[in-house]
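Examination of the molecular architecture
Spelled out from the first residue to the last, the chains are:
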Amino acid sequence: MAKQYITSIGIIGAGLMGRGIAQVSISSGYNTLLIDVDDSVLEDAKTEIHTRLDHEVEKERMTLDQIADAKALLDLSNDLQDGIGHVDLFIECVPENIALKQNILTDIHTKKECIIASNTSSISIDKLASKTDRPDLIIGMHFFNPAPVMKLVEIIIGDKTSQQVINTITHLAKEFGKDPIHVQDFPGFASSRLGVALGLEAIRMVEQGVASVEDIDKAMTLGYRHPMGPLELTDYIGLDTRLKIAEYLQSTGISPSFEIPNLLREMVNEGKLGRKSGRGFYEWKEGKKL
Ligand code: CAA
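These lines cover the structure that appears in this document, whether it is placed above or below. Predicted model, so just to flag it, every value in this text is computed and none were measured.

Here the focus is the overall build of the protein. Regarding its fold elements, the protein presents 12 helices and 10 strands. Compactness check: the protein gives a C-alpha radius of gyration of 19 Å against a globular reference of 19 Å for 290 residues, within 12% of the reference. Each principal axis of the C-alpha atoms in the protein carries an extent, and together these give about 55 × 45 × 30 Å. For the protein, the residues scored as buried account for 50% of the 290 residues in total. In the protein, once contacts between residues fewer than 6 apart in sequence are set aside, the share between residues at least 24 apart is 66%. In the form shown here, the protein has an accessible surface area of approximately 13,900 Å², with 50% of it arising from carbon and sulfur atoms. Here the protein carries 31 positive and 42 negative side-chain charges, and the mean point of each set is 3 Å from the other.

Given below as structure tokens:
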């Protein structure tokens, strides 16, 4: 039986999302083991989390004692096995690659009966669960970047996900201070299906010369009150990440909206990945748009 109330969480993958979720998890009082194969990524994640927690004190949203407690709840490991021994639940945040995610899920379930929540942006939860013999313990828990700031958690319910697992993850999302929605396991769920369609259309508009990058973005920020335009957001998320999600959505055949513009492929091939590489639709330095 999986534990209903969770005290200790393993987060697999210390990239952009994994480290943001780890910050949320320790700030909410959970023992958190952040796991990544790359020690330098782990150290970088820890430094970033500490800096962001210090900022919470500057902004008087947390006290020095609270951030000291939060920092003490964070452990790092380069070995998934450490998590198997210690945590009640895993949140999987590795890149959008079905085989990679399936291997991690099956590896855990051959050694431990526990809930595994995938932070996938688009991959079917049923597909991810199909290789483990406990599909009832698999669920989607989709966070948004930057995870400490964004209020939404999209909970994706697979065909075989148990009601107890849905309840546990809904409770956890609320403990994390998030406002969860429940979505059935359709490609792209509720958020990515809309967000990616808008992003791809904006790129097609650049290709067709409809307006400048800045003006297409302004159409959405000033005209629709989006906090960022779709091209800036594509830079922010990463063009490579967007392309991977779009390729998956296109392969499902759910909608012609996911046809991939050549410009997106070209930019990824040229290493223009957005914020993370310093160049995308905009120029970026130290995480800020120039
Ligand atoms: N981690 C933690 N906090 C962060 C952060 C990060 N990575 N990035 C920014 N913040 C915080 C800043 O510290 C700042 O906090 P303070 O008020 O304490 O100073 C706050 O966010 C606002 O930041 P800024 O003042 O620098 O800039 P802003 O007001 O323009 O807000 C933004 C930045 C929150 C990112 C805002 O532009 C925004 O909401 N953009 C849209 C983001 C979005 O759509 N995300 C979803 C992407 S889709 C996704 O993630 C799903 C997927 O599967 C790919």
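So, next bit.
Scanning the model with the defined rule gives 15 salt bridges in all. Salt-bridge contacts for K111 lead to D107; the nearest nitrogen and oxygen are separated by 2.7 Å. You can see K111 and its partner D107 sitting in helix 5 (residues 98–111), 4 residues apart, about one turn around the helix. Judged by relative accessible area, K111 falls into the partly exposed class, the value being 44%. The class of D107 is partly exposed, set by a relative accessible area of 28%. The shortest N-O distance in the salt bridge between E113 and R134 comes to 2.7 Å. With E113 in the loop between helix 5 and strand 5 (115–118) and R134 in the loop between helix 6 (125–129) and strand 6 (138–142), the pair connects residues that are 21 residues apart, well separated along the chain. A single network of salt bridges, built from pairs that share partners, joins R19, D44, E48 and R52.

The next thing to look at is the site of the ligand. In the region of the ligand, 18 residues are neighbours, and H55, R61, S121, H142 and N145 sit closest. A distance of 2.7 Å is found between an oxygen atom of the ligand and a side-chain nitrogen or oxygen belonging to S121. Within the side chain of H142, an N or O atom sits 2.7 Å from an oxygen atom of the ligand. Starting from 1,000 Å² of accessible surface for the ligand in isolation, the protein chains cover 68%.

Another point: the packing of helix 11 (residues 239–252) against helix 12 (residues 262–269). In the contact formed by helix 11 and helix 12, the axes pass within 10 Å of each other and the chain directions differ by 135 degrees. Taken together, the axes of helix 11 and helix 12 lie oblique to each other. As helix 11 packs across helix 12, the resulting crossing turns out to be left-handed. Taken together, the residues of helix 12 that come into contact with helix 11 (itself represented by L239, D240, L243, E247 and Q250) are L264, R265, M267 and V268. By residue class, the composition of the contact of helix 11 with helix 12 is 5 nonpolar, 1 polar and 3 charged.

This part covers the pairing of strand 6. Where burial is concerned, most of strand 6 is hidden: 5 out of the 5 residues are buried. Neither face of strand 6 is exposed, since I138, G140 and H142 on one face and I139 and M141 on the opposite face are all buried. Sheet topology note: the strand 5/strand 6 ladder contains 3 bridges and is parallel. Residue pairing for strand 6: S118 is matched across the bridge by G140. Bridging between strand 6 and strand 7 (residues 152–157) involves 3 bridges; their strand directions are antiparallel. Looking across to strand 7, one finds that H142 is bridged to E154.

Next up on the list: the packing of helix 10 (residues 230–237) against helix 11. The interhelical angle for the contact between helix 10 and helix 11, taken along N-to-C directions, is 100 degrees, at an axis separation of 6 Å. If you check the angle between helix 10 and helix 11, you find them roughly perpendicular. Residue-level contacts link P230, T234, D235 and I237 of helix 10 to L239, T241 and R242 of helix 11. Broken down by class, the residue content of the contact of helix 10 with helix 11 amounts to 3 nonpolar, 2 polar and 2 charged.

Inspection of the secondary structure puts H109 in helix 5. At a separation of 3.3 Å, a polar atom in the side chain of H109 contacts the side chain of T132. What H109 contacts, discounting residues up to four positions off in sequence, is C114, I116, T132, R134, L137 and I138.

Calculation rules
Residues numbered from 1 in each chain as written. Predicted model: local features only at pLDDT ≥ 70, side-chain atom pairs only at ≥ 80, totals over all residues. Heavy atoms only, no water. Helix = DSSP H or I, 4+ residues; strand = E, 2+ residues; numbered from the N terminus. Rg over C-alpha atoms; globule rule 2.2 N^0.38 Å. Buried < 20%, exposed > 50% of the residue type's maximum accessible area, 1.4 Å probe, protein only. Contact = heavy atoms within 4.5 Å. Areas by Shrake-Rupley, 256 points an atom, 1.4 Å probe, with all protein chains shown as cover. Lys, Arg positive; Asp, Glu negative; His and termini not counted. Charge placed at Lys NZ, Arg CZ, Asp CG, Glu CD. Salt bridge = Lys/Arg side-chain N within 4 Å of Asp/Glu carboxyl O. Near = heavy atom within 4 Å. Polar contact = N/O pair within 3.5 Å; in protein donor to acceptor, adjacent residues only side chain to side chain. Axes fitted to C-alpha atoms, helices over the stretch in contact; angles between N-to-C directions. Parallel < 35°, antiparallel > 145°, perpendicular 65-115°, else oblique. Left-handed = near helix turned anticlockwise from the far one by under 90°. Nonpolar A, V, L, I, M, F, W, Y, C, P; charged D, E, K, R; others polar. Pairing = 2+ DSSP bridges.

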